[in-house]
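# Coordinate inspection notes
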Amino acid sequence: MNAYIYIENGVFLQAKAFGAHGECAGELVFNTSMTGYEEIISDPSYAGQFIVFTMPEIGIVGINDDDMESLKIHANGVIMRNYNDNPSNYRSQKSISEFFKEHGKFGVYDVDTRFLTKMLRDEGALMAYISTQIDDKEELKRRLRASGRIEDINYVKNIGAINEYEHKKGAWDKNAKTYKPLKSIGKKIAVFDFGVKRNILNELCDVGLEVIVMPHDTKAQSIINKFQNGEINGVFLSNGPGEPKKLKSEIAEIKKMVEAKIPIFGICLGHQLLSNAMGYETYKLKFGQHGANHPVLNLQTKAIEITTQNHNYNVPESIAEIAEITHRNLFDGTIEGVRYKNYPVFSVQHHPEASSGPNESKYIFKQFLQIL
């Protein structure tokens, strides 16, 4: 079927689509990963966005349940050069087209993704409206304007855990072809679920932590009580989608937990929310950082780690007033990690769980144990 793309800068494209019929607005971001498209598509942090893959061929290894980062597709859609509906991998359970149909989403292909990527690098992240049903440019333009901007929408409220639950799986065992069982070291943490990736939970368990996942709007006082009573030993703040400053009530609750001197570890959105809770407002990057090939300098060891990234926002340089800068991105020099000076709190912008991507930063989960 045909698909029609209208971008807010006036660009209008015709392409092909697979999956379900549909239409919606979203923010265009490009991802430079060479592998792991299933983990990327099922990452809740992409809610409200269209993922433009720079990898020209998508679908080759199909889809399987074990590689899912969440229970569904959270991105509004994906855009690619070519899509392959005949997967060739022994772990594949279905094609990417079947996957999208099951979830009521569509993918767009036969697009010059190199053109789109260069445009986004020059102009920054752009809103777009994509439809498999409407081919009129002016109507798509009108619908895009009526849809609102991504930074004005709170996506977190509709993502993540509704009720508290335990997670007991460790990292993937490539020899056994299954996830390792939890081997507890007797430490328990509360995970605030803003859209947590499953492999973050797996890595927390893999270092021996007992993981209790909480809804994102859990009140700080209940966590403080659990900490003071010895029911939990620390808190983890997860990744998630959207503008961090929209989460005003969550930021206020995080501030209370920080002041209670609870050990806290944050990744991505969690990293940004901690900054806001400390009084240092985050800002939006020009086109964000999305991929699995981003070099990050560990300022403590001087090692360069190749990392997985997925974010459009970052913490300000002024945070050095209250925190030690531990990591920096070597593409643009932005802050990638901090350790707060007067609190048992640290956070990173990149994704040490490496799903998908290199695993050079997995040691960061063990650093959480040291703080606990």
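Residues numbered from 1 in each chain as written. Predicted model: local features only at pLDDT ≥ 70, side-chain atom pairs only at ≥ 80, totals over all residues. Heavy atoms only, no water.

This part is about the overall build of the protein. The secondary structure content of the protein amounts to 9 helices and 21 strands. Expected size for 372 residues packed as a compact globule is a radius of gyration near 21 Å; at 20 Å, the protein falls within 12% of this value. Scored against the burial criterion, the 372 residues of the protein give a buried share of 58%. Surface summary for the protein: the accessible area is close to 15,300 Å², and the carbon and sulfur share equals 47%. Computed over 43 positive and 46 negative side-chain charges, the inter-centroid distance for the protein is 2 Å. (Helix = DSSP H or I, 4+ residues; strand = E, 2+ residues; numbered from the N terminus. Rg over C-alpha atoms; globule rule 2.2 N^0.38 Å. Buried < 20%, exposed > 50% of the residue type's maximum accessible area, 1.4 Å probe, protein only. Areas by Shrake-Rupley, 256 points an atom, 1.4 Å probe, with all protein chains shown as cover. Lys, Arg positive; Asp, Glu negative; His and termini not counted. Charge placed at Lys NZ, Arg CZ, Asp CG, Glu CD.)

Our focus in this paragraph is helix 8 (residues 269-277). Most of helix 8 sits out of view: 9 of its 9 residues are buried. By the burial criterion, the buried members of helix 8 are Leu269, Gly270, His271, Gln272, Leu273, Leu274, Ser275, Asn276 and Ala277. Structurally, helix 8 contributes buried residues whose contacts are with strand 15 (234-237), helix 7 (248-259), strand 16 (264-267), strand 18 (304-314), strand 20 (335-340) and strand 21 (345-348). Positive phi appears at Gly279, one or two residues downstream of helix 8, with a value of about 95°. (Contact = heavy atoms within 4.5 Å.)

Here the focus is unusual backbone geometry. Following Ser355, the chain continues to Ser356 via a peptide bond in cis, the omega torsion being -5°. Relative to the elements of secondary structure, Ser356 occurs in the loop between strand 21 and helix 9 (363-371). One non-glycine residue, Asp110, adopts positive backbone phi at about 65°. One can find Asp110 in the loop between strand 8 (106-109) and helix 3 (113-123).

Right, let's get into the packing of helix 7 against helix 8. Relative to each other, helix 7 and helix 8 sit at 75°, their axes nearing to 9 Å. As summarised for this structure, helix 7 and helix 8 are arranged roughly perpendicular, according to the angle between their axes. From helix 7, Ile251, Ile254, Lys255 and Val258 reach across to helix 8, where they touch Leu273, Leu274, Asn276 and Ala277. Classifying every residue of the contact of helix 7 with helix 8 by side-chain character gives 6 nonpolar, 1 polar and 1 charged. (Axes fitted to C-alpha atoms, helices over the stretch in contact; angles between N-to-C directions. Parallel < 35°, antiparallel > 145°, perpendicular 65-115°, else oblique. Nonpolar A, V, L, I, M, F, W, Y, C, P; charged D, E, K, R; others polar.)

What follows is about the packing of helix 6 (residues 220-228) against helix 7. Geometrically, a packed helix pair is captured by the angle between its two axes and the distance between the axes. Between helix 6 and helix 7, the least distance of the axes is 9 Å, while the angle of their chain directions is 25°. Taken as axis vectors, helix 6 and helix 7 run roughly parallel relative to one another. Every pair of crossing elements has a handedness; the one defined by helix 6 and helix 7 is right-handed. Contacts from Ala220, Ile223 and Ile224 in helix 6 reach Glu253, Lys256 and Met257 in helix 7. (Left-handed = near helix turned anticlockwise from the far one by under 90°.)

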